[in-house]
Amino acid sequence: MSVMGADLVFDVGATDPQAAGFQGERRRRKADAVYDNMKRQILLGELNPASPITEQSLAQSYNCSQSTIREALLTLQEDGLVIRRGYQGTFVTQTTNKEAIILFRLRLNIETAAVDRITPDITDDQLDTLRQLAARYDDIRAKRDKIGISEADIAFHMTMLRFADMPVLEPVLLRTLLHLHRFIITRHTNNLIWIDKIKASHHELIEAIATKDPDQARKMAIQHATTNTIEVTDEVRTEVFAKI
């Protein structure tokens, strides 16, 4: 377990109301840091269903209070990355093949609906924003940063959904992408193959949307969703994605 830096350690002994408010803010910041660190470990498979998780041990590892750990775990639970089972403890979840298929179909439904909605009325400013996000994604991908490209990919697709003005679906897509990324990275780590060129890249999706041709944009959205930045072997693809 990685231990957070000393600059994040704080004292929770303040009694003055203003100081207490400040300490509360620092606790929230600390909880966010713990959450980010644990999420990274879960997405990389360093924390998995076999990993023991207790608030006490985490508090010692991160040098913070158990209430801070509890905040971080509750956020991870909202993401579906851990499950808290009362007195039994907290456990890292795992996406099954069947769940991945359902999530993948859900992603396709949401993203094609978003593309259908934004294509006729996409603005130049919105296209520029998407191009900037696509370029950022490419820069991170060149560094082979698995977590970085996951975050950049999520930022791109969540922005596209936001442009489609479908706020109810935002938390659904966010969780869907998060678990699909983890599925690819952790379940098939030994089968990951970095491809040189993405056939249906973010840029090609953007240009298809820019044509304001709904059929072409939808076609590219489907191709993009089925072309992973990190490819998997044919065996894995057949086992999981051929059923789509």
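Note that the structure is a prediction, hence the values are computed from the model and not measured. (Residues numbered from 1 in each chain as written. Predicted model: local features only at pLDDT ≥ 70, side-chain atom pairs only at ≥ 80, totals over all residues. Heavy atoms only, no water.)

## Some remarks on the overall build of the chain
Spelled out, the test is: Numbering of helices and strands runs from the N terminus, with a helix taken as a DSSP run of H or I at least four residues long and a strand as a DSSP run of E at least two residues long. Three exposure classes are used, based on accessible area relative to the maximum for each residue type with a 1.4 Å probe and protein chains only: buried under 20%, partly exposed in between, and exposed over 50%. Should any heavy atoms of two residues lie within 4.5 Å, those residues are considered in contact. Note on areas: Shrake-Rupley, 1.4 Å probe, and residue coverage restricted to the protein chains presented here.
Within the chain, the regular secondary structure consists of 10 helices and four strands. The order of α-helices and β-strands along the chain, N terminus first, is α-α-α-β-β-α-α-α-α-β-α-α-β-α. When the 244 residues of the chain are sorted by exposure, 45% land in the buried category. Nonlocal contacts in the chain, meaning residues at least 24 apart in sequence, comprise 72% of its contacts between residues at least 6 apart. Of the roughly 12,800 Å² of accessible surface on the chain, 50% is carried by carbon and sulfur atoms.

## Overview of the pattern of salt bridges
Put simply, the rule is: When a carboxyl oxygen of Asp or Glu lies within 4 Å of a side-chain nitrogen of Lys or Arg, that pair is called a salt bridge.
A full pass over the atoms with the stated rule returns seven salt bridges. Its salt-bridge partner being Asp128, residue Arg131 comes within 3.5 Å of it at the nearest N-O pair. With a gap of three residues between them, Arg131 and Asp128 both fall in helix α5 (residues 124-142), about one helical turn apart. Judged by relative accessible area, Arg131 falls into the partly exposed class, the value being 29%. The exposure class of Asp128 is partly exposed, given its relative accessible area of 36%. For the salt bridge of Glu170 with Arg162, the shortest nitrogen-to-oxygen distance reads 3.6 Å. With a relative accessible area of 19%, Glu170 lands in the buried category.

## A word on the packing of helix α8 (residues 202-210) against helix α9 (residues 214-225)
Rules: Angles run from 0 to 180 degrees between N-to-C directions of axes, and those axes are lines fitted to C-alpha atoms, restricted for helices to the stretch in contact. Orientation is classified from the angle alone, with under 35 degrees giving roughly parallel, over 145 giving roughly antiparallel, 65 to 115 giving roughly perpendicular, and any other angle giving oblique. Left-handed describes a crossing whose near helix is turned anticlockwise from the far helix through less than a right angle; right-handed describes the clockwise counterpart.
Where α8 contacts α9, the two axes come as close as 8 Å, and the packing angle between them is 165 degrees. When the interaxial angle is binned, α8 and α9 end up roughly antiparallel. Note that α8 runs across α9; the crossing there is left-handed. Within the contact between the two elements, α8 uses His202, Glu204, Leu205, Ala208 and Ile209 and α9 uses Gln216, Ala217, Met220, Ala221 and His224.

## Looking at the side chain of Lys39
The following threshold applies: Residues scored as positive are Lys and Arg, those scored as negative are Asp and Glu, and His as well as the terminal groups of each chain are ignored.
Topologically, Lys39 is positioned in helix α1 (residues 17-43). Of the side chains with opposite charge, Glu151 lies nearest to the buried Lys39, which makes no salt bridge, at 4.9 Å. Contacts of Lys39, omitting those with residues within four sequence positions, involve Leu76, Asp79, Leu81 and Leu178.

## Examining the packing of α5 against α8
Put simply, the rule reads: Residues are grouped as follows: Ala, Val, Leu, Ile, Met, Phe, Trp, Tyr, Cys and Pro are nonpolar; Asp, Glu, Lys and Arg are charged; every other residue, Gly included, is polar.
Contact geometry of α5 with α8 gives a least axis separation of 9 Å together with a crossing angle of 170 degrees. Taken as axis vectors, α5 and α8 run roughly antiparallel relative to one another. By crossing handedness, the relation of α5 to α8 is classed as left-handed. Across the interface between the two elements, Leu127, Leu130, Arg131, Ala134, Ala135, Tyr137 and Asp138 of α5 pack against His202, His203, Ile206, Glu207 and Ala210 of α8. Its residues placed into classes, the contact of α5 with α8 shows seven nonpolar, two polar and three charged.

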